[in-house]
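A look at the structure
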Amino acid sequence: MRPKNPSHLTNYAIIFGLAFIFFFVLQYNQTLADPDSFYHAKMALLTEDHGIIKTFPWLSDFTVLGKAYADQHFLYHVFLIPFVSWLHPIAGLKLATVVLASLFVLAFYWLLRRLRVKYAIGFSLLLLLMNPLVFRLSLAKAPSFSLILLTIGIYFIVSRNWKSLLVLSFIYVWAYGGFAVILLTSGLYLLVDVFANLIKKTFNPGPGQPSVIKMLFLRSSWTPLLSSLTGVILGVIINPYFPQNLGYYRYQLFEIGMKNYQQIVRVGGEWYSYAPTSLISDSVFLSIATLIALAVFIYYHKRQTRREVFFLVLAALFFLLTMKSRRYVEYYVPLGCLFSFTVLGAWLKELKFRSYWERFLDLKPRKKILIALVGVYFFVTIPTIIVRGFFLERKDLVNGIPYTKFQEASEWLIDHSQRGDIVFHSSWDEFPILFYHNDVNNYIGGLDLTFNYLYNKDLYQKWVDITTGSMRNNLAETIRNDFHAKYVLVSQNHTAMKNNIRNDGRLEQVYEDSEAVIFKVPCCLTTP
């Protein structure tokens, strides 16, 4: 990824600097938009103190993670260590998020330059206008880490650098739980390459061409998939979590990623569908660029190479996946941009802007005024949309979770409980926050409710019924005998659960603040 001359170095510095300032302003607050961010900060701290975390006792009692745990973002957590150890952990996590998001924009620019796309620097900065992507990059999570690897991997695929692709696929497994995306990308390239070869044979027949069967199994077509598959297999096997990671990947990739129990289990918002109209309007600049690029692609279809077809198919697939789960928008947007910018870059390179300007000067005054008014309209409208989008993004990030949430309640638990005591908490998405502040206690569930559901469906339903307030009787017995909890922590916004416990009268309230109430579960229960 080394630039060829000093002027290119300047371009890289400009791209990184502008992206860094942009994301820094978005992150300059004392909140986190996603509770999972607390988990990542804590895992980095634990990894620094204890090395590789091979077991996860904090969720081992009532989830499948007791027997099948693996740190699916291990290299991401290693990357975070200097940030969370040298600074306040949350400030360090935010700074790391800014750095990774900026590095992704830089990697995208690097890819466009490698592909010899015209106006690469301008196209790369347009990523900062894609609101759904900006929001995902601004979450203190691992998407940027994955996108950097995928961007480099795409270059290795189209440049047929198979050895590097193998190594990158190995690293992908250690860095990000969604490493299957590199296999999917390589597999799509295989399909496009085979299809292009068959089309070439059909419409340009000639002597000496291989048979259809041979074309289906050309080494050059299969090598990218085989290289990435080999790298992934090696990454799974040559792994500190092997073989228990096999069980974890089964749950994470197949049960959660593909099967998805969202009709039964409450899952994170990112797993729900993204309405097509909302996606198109939320990423309006990409939608416009894609429409123009598709028109150019179709009009000049004879000029398009299998590379552009590959980018189109890749973007289309992730558009469909985003319709199923919102989380894939972090892939759809940059891949849609990659297709649009490569096609538009080649088209703009051939346009003769001087001739268009001369033709404009030759127009009658009335037409000049009309065109000028249209230009002024867009000159005013586009910046307005950009500024509005930026402030909406910042508002969403600022109105997140304060980094001190549950801190005082957690400190009380640390002072009054024993290591390993189970805390019955009122929601699965409270776990990362509680875990960040208090790793002395164990918890009921977190990260994904599917882990609880697959462990024990009956216990899962009891937890849901108690926390939602639908279960009013035998609360103390269920919490003590079925969940073996020593304490119950109820967020103040879980009013029904809180009132039901108070009405039961057998759990002693031992702590309360503006965020949570803590009840102690007695050793012996009396009949209510």
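One can find the structure itself at the top, above this paragraph.
Numbers given for residues are sequential positions, taken from 1 along each chain in its written order. Per-residue local features are limited, in this predicted model, to residues with pLDDT of at least 70; the limit for side-chain atom pairs, both in listing and counting, is 80 or more; totals at the level of whole chains, interfaces and linings are taken over all residues. With hydrogens and water excluded, all non-hydrogen atoms of the structure serve as input to the side-chain values.

Comments concerning helix H24 (residues 495–504)
Along H24, the positions that sit buried rather than exposed are Met497, Lys498, Asn500, Ile501 and Asp504. An end-on view of H24 places all buried positions within 165 degrees of arc, on one side of the element. Contacts made by the buried residues of H24 are with strand S3 (422–425), helix H22 (457–468), helix H23 (475–482), strand S5 (485–491) and strand S7 (516–520). Counting from the N terminus, the helices are DSSP H or I runs at least four residues long and the strands are E runs at least two residues long. One or two positions beyond H24, positive phi appears at Gly505, with a value near 80 degrees. Each residue is assigned to one of three classes by its accessible area relative to the maximum for its type, calculated with a 1.4 Å probe on protein chains only: buried under 20%, partly exposed between the two thresholds, exposed over 50%. Directions pointing from the helix axis toward each C-beta atom define the arc. Contact definition: two residues touch when any of their heavy atoms are within 4.5 Å.

Comments concerning the environment of Val296
Mapping Val296 onto the fold places it in helix H14 (residues 284–299). Expressed as a C-alpha distance, the spacing of Val296 and Leu344, which sit 48 residues apart in the sequence, is 7.5 Å. Sequence-distant contacts of Val296, defined by excluding residues within four places in its chain, comprise Gln304, Val343, Leu344 and Trp347.

Thoughts on the sheet that holds S7
Strands qualify as paired when DSSP identifies two bridges or more between them. Here five strands make up an open sheet; going across it, the order is S4-S3-S5-S7-S6 and the pairing mixed. Edge positions in the sheet fall to strand S4 (442–443) and strand S6 (508–512), since each of these pairs with one other strand and no more. Both S5 and S7 contribute to a ladder of five bridges, which runs antiparallel. In the sheet register, Val490 faces S7, and the bridge partner there is Val517.

Examining unusual backbone geometry
The omega angle of the peptide bond from Phe242 to Pro243 is 5 degrees, so this bond is cis rather than trans. Structurally, Pro243 can be placed in the loop between helix H11 (219–237) and helix H12 (244–259). The phi torsion at Arg160 lies on the positive side, around 60 degrees, for a residue other than glycine. Look at His484: it is not a glycine, yet its phi comes out positive at around 55 degrees. Among the structural elements, His484 can be located in the loop between H23 and S5.

Points about the nonpolar core
Counting 135 residues, the largest nonpolar core has Phe23, Tyr172, Phe310 and Tyr331 as its most contacted members. For this core, the element with the highest residue contribution is helix H4 (residues 89–114), accounting for 15 residues. Leaving out residues up to four positions away in the same chain, Phe310 has contacts with Ile154, Ile157, Val158, Thr185, Leu188, Tyr189 and Val192. Counting 26 residues, the second-largest nonpolar core is a separate cluster that includes Val265, Ile444, Ala485 and Val521. Throughout, nonpolar core names a set of buried Ala, Val, Leu, Ile, Met, Phe, Trp, Tyr and Cys residues whose side chains join them through atoms within 4.5 Å.

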